[in-house]
Amino acid sequence: MKLLYNKSSDRLLFPAGFLWGTAISSHQTEGGNFNDWTEWEIKNAKIKNQNAKLKSWPAYVLNDYPNPLQEENYISSRACDHYNRYEEDFDIAKKLNNNALRFSIEWSRVEPREGEWDQKEVEHYRNVLRALRARDIEPFVTLWHWTNPVWFAEKGAWLNKEAPFYFARYAEKIVKELGNLANFWIILNEPAVLVSSSYWRGLWPSQKNGFLASYRALNNLAKAHNLAYEKIIFLKPQSRIGIAYNFIRFEAYKENFFNRIIKYLADYLNNHYFLGKIKRKMNFIGCNYYFYNRIKFNLFHPVKSLKDNENKFVSDIGWEIFPKGIYHILKNLKKYNLPVYITENGVADAQDKYRADFIKDHLLWMHKAIQEGVDVRGYFYWSLLDNFEWDKGFWPRFGLVEVDYKTMERKVRQSAWEYAEICRNNEIML
Ligand code: BGC
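What this report covers is the structure whose coordinates are included nearby. (Residues numbered from 1 in each chain as written. Predicted model: local features only at pLDDT ≥ 70, side-chain atom pairs only at ≥ 80, totals over all residues. Heavy atoms only, no water.)

Around the ligand sit Q28, H145, W146, N189, E190, Y290, W319, E344, W382, E389, W390 and F398, and those are all the residues in its vicinity. Separating an oxygen atom of the ligand from a side-chain N or O atom of Y290 is a distance of 3.5 Å. W382 places a side-chain nitrogen or oxygen 3.3 Å from an oxygen atom of the ligand. (Near = heavy atom within 4 Å. Polar contact = N/O pair within 3.5 Å; in protein donor to acceptor, adjacent residues only side chain to side chain.)

Here you go:
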C-alpha cells in the first residue's frame, strides 16, 4: 500500500481503503449472558466489593454509577444491553464515520448445551451482521473473547485435551451459517492474557494456577486456533483470518546486561511465543496495544523486575500511556510479513481528559511505522461503548460513547467527534 505523506500541509494521510473502526465484545456489552464468567461474577462480587472498600477512590469514580463500592459493579447482568440495542449502537458508529467494527459472537448463546445449537441466536448474529452491512460497515468477527459456555467449563475448559475439537466445531458452525456475511475472522482474542490471568495467576475463571496448567491451556488455545483456521479456510477459502493479540512493549530502564536479558525473554514469551505456533495459519495479525513495561532488574524480587514504570501519564486504571510503544511493536511485527490491523487500542478515561490526544498520538506513531514499510491496514479504537471491564466491573470508562447504566442512554463524548474527523478524512491534521 502506498502512503500519501504531505509534509508541507501538516497533514498525515493514511493509505486509501484504510479501515477506521471501534471494537466491542459480547460479554462486555450484550447483557443477559450465561457463561463461565456470569457464574464467577456472582460468586465473587461480594469479596471484590469488600476489597474495594480498603482502597481510596477519586470523587469522579465514586459519584458514578455503578462504582467500585457497590456490589452491582461486579456483575455484568444487563451490561450495555447491546444485544437489544445493536442497531442504535451501529447508527452511532456510522455517525462517527466508522467503516469497520469488531464484535464477538458469544459461544455460550449459540451452543448453550454441548452439541446443541440455538438457531434463534444464530439468527440474531445474522441480523447483527446484516445491520453492519446495511450501514456499509465492514465486520470483523471475533469467535472467542474469553468467555466459555458452562458445559465447556465443566469439562475443564482449556485444560481438556478435547477443547480444540469442541472449539473448532463451534467455529465451523458459525462460518457455515454466517460465512456469506463476513470476510474477516478473528479466531481468538488475547489468549495469553486469559492464560496469564486465569491459569497462571488464578485470578479469573476458572481460577487454576500453576505452570503446567498455563502451558497446557496456551498450547490448547494454539491448537484450537489452527484447527478452526483449517475449518474456516476449507468452508470459505477467500476468508481473511487472524488473531487479536495483546502486545506489550518492553523497555530496559538502563541498557545493562541483566535488563537486556529480561527484556529479551519477556518480549519473546509475551509477544512471540504464541504467534510462532500459529503463524502459518493466519492471513493477518490483529494487534491490541495498551501499554509498555519498563524493566529494571531486581535481584531480591525478580518478578518486580518486570515493571518499573515512570507513570507520568496514567489512565484511570493506572496504565501508563506510552504511544511510542505502538511504533516499536509494529516494527517488530514486520518480520511476519503479514498485513496488520490494530484491533484494540484505548484508554480508561471517565473524564475524557486524555482520550483525544491518546488516539492522535498513537496514530502518529502508527503512521510512522506505515511510512517505514509496515503494512497496517486498519485501526479499531477500544471501545465504541463504555462496558463491563471484566473483574474490575463497570467503573472503568473506555468508551467513545458514554453509557448511563441506569437508563442505558448513550452520549457521544467530545473525543469521539475528534476521532470521527480523522475517520472521515482518512488523515490527521497536525
Ligand atoms: C481486552 C478487552 C478489555 C481491554 C481493556 C483487552 O485486553 O481484549 O476485553 O476490555 O483490553 O482492558
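Having put the structure on the table, let's press on.
Quick look at the sheet that holds strand 6 (residues 184-189) now. Around the barrel, which closes on itself, the eight strands sit in the order 3-4-5-6-7-8-9-10 with parallel pairing between neighbours. Averaged over all pairs of adjacent strands, the angle between strand axes in this sheet comes to 30°, irrespective of strand direction. Where strand 8 (residues 284-295) and strand 9 (residues 340-344) come together, four bridges link them in parallel fashion. Bridge pairing links I285 to V340 in strand 9. Along the sheet, helix 9 (residues 191-200) contacts strand 5 (138-144), strand 6 and strand 7 (240-252); its crossing angle with strand 7, the most-contacted strand, is approximately 60°. Sitting on the sheet, helix 12 (residues 324-333) touches strand 7, strand 8, strand 9 and strand 10 (376-382), and the angle it makes with strand 7 is about 120°. (Pairing = 2+ DSSP bridges. Helix = DSSP H or I, 4+ residues; strand = E, 2+ residues; numbered from the N terminus. Axes fitted to C-alpha atoms, helices over the stretch in contact; angles between N-to-C directions. Contact = heavy atoms within 4.5 Å.)

Let's shift gears to the nonpolar core. Core analysis: the biggest nonpolar cluster contains 112 residues, and F103, W158, F167, W185, L275, M366 and Y379 have the highest contact counts within it. No other element matches helix 10 (residues 211-235), which puts nine residues into this core. If we ignore the near neighbours within four places in the chain, the residues touching M366 are F14, F18, I326, L330, I342, V376 and Y379. (Core = buried A, V, L, I, M, F, W, Y, C linked by side-chain atoms within 4.5 Å. Buried < 20%, exposed > 50% of the residue type's maximum accessible area, 1.4 Å probe, protein only.)

Moving on: the packing of helix 6 (residues 119-134) against helix 8 (residues 163-178). Between helix 6 and helix 8, the shortest axis-to-axis distance is 10 Å and the interhelical angle comes to 55°. Relative to helix 8, helix 6 is oriented oblique. Pair helix 6 / helix 8 crosses with right-handed handedness. Across the interface between the two elements, Q119, V122, Y125, R126 and L129 from helix 6 touch K173, E177 and L178 from helix 8. Of the residues belonging to the contact of helix 6 with helix 8, the class tally is four nonpolar, one polar and three charged. (Parallel < 35°, antiparallel > 145°, perpendicular 65-115°, else oblique. Left-handed = near helix turned anticlockwise from the far one by under 90°. Nonpolar A, V, L, I, M, F, W, Y, C, P; charged D, E, K, R; others polar.)

A word on the pattern of salt bridges. For side chains of opposite charge, pairing can occur when their charged atoms come near one another. Considering all chains together, one arrives at 27 salt bridges under this definition. Notably, a salt bridge pairs E123 with R130, separated by 3.4 Å at the nearest N-O pair. Residue E123 is classed as partly exposed on the basis of its relative accessible area, which comes to 29%. Across the salt bridge formed by R133 and E138, the nearest N and O atoms sit 3.4 Å from each other. Exposure remark for R133: the relative accessible area of 31% places this residue in the partly exposed category. A relative accessible area of 17% places E138 in the buried class. (Salt bridge = Lys/Arg side-chain N within 4 Å of Asp/Glu carboxyl O.)

Considering all chains together, one arrives at zero disulfides under this definition. Just so you know, C80 is unpaired, no disulfide at all, and the nearest cysteine sulfur is the one on C423, 20 Å from it. Not engaged in a disulfide, the cysteine C287 finds its nearest cysteine sulfur in C423; these two sulfurs lie 18 Å apart. (Disulfide = S-S within 2.5 Å.)

Below, the discussion takes up the packing of aromatic side chains. By convention here, two paired aromatic rings are described through the distance between centres and the angle between planes. Under the criterion given, the structure shown has 47 aromatic pairs. Among the aromatic residues, those joined into a ring-pair cluster are W107, W144, W151, F152, W158, F165, Y166, F167 and Y170. If you follow R109 out to its NZ or CZ, it ends over the ring of Y83, 4.0 Å from the centre. The cationic tip of K296 hangs over the ring face of Y253; the distance from NZ or CZ to the ring centre is 4.3 Å. (Phe/Tyr/Trp six-rings, centres within 6.5 Å; stacked < 30°, edge-to-face > 60°. Lys NZ or Arg CZ within 6 Å of the ring centre and 35° of its normal.)

This paragraph deals with the pairing of strand 3 (residues 19-23). Remember that side chains alternate between the two faces of the sheet whenever the strand is regular. Of all five residues in strand 3, five are buried, a share of seventy percent or more. Residues L19, G21 and A23 line one face of strand 3 and the alternating positions W20 and T22 line the opposite face, and both faces are buried. Bridge count between strand 3 and strand 10: five bridges; the pairing is parallel. Its bridge partner lying in strand 10, W20 is registered against Y379. In the sheet, strand 3 pairs with strand 4 (residues 100-104) via three bridges, with the strands oriented parallel. Note on strand 4: the bridge partner recorded for T22 is L101.

Next up on the list: the packing of helix 13 (residues 355-371) against helix 14 (residues 414-425). At a minimum axis separation of 8 Å, helix 13 and helix 14 run at an interaxial angle of 30°. Overall, the two elements helix 13 and helix 14 adopt an arrangement that is roughly parallel. Relative to helix 14, the crossing made by helix 13 is right-handed. Here R355, A356, I359 and L363 of helix 13 lie close against helix 14, whose contacting residues are S415, E418, Y419 and I422. Split by residue class, the contact of helix 13 with helix 14 holds five nonpolar, one polar and two charged.

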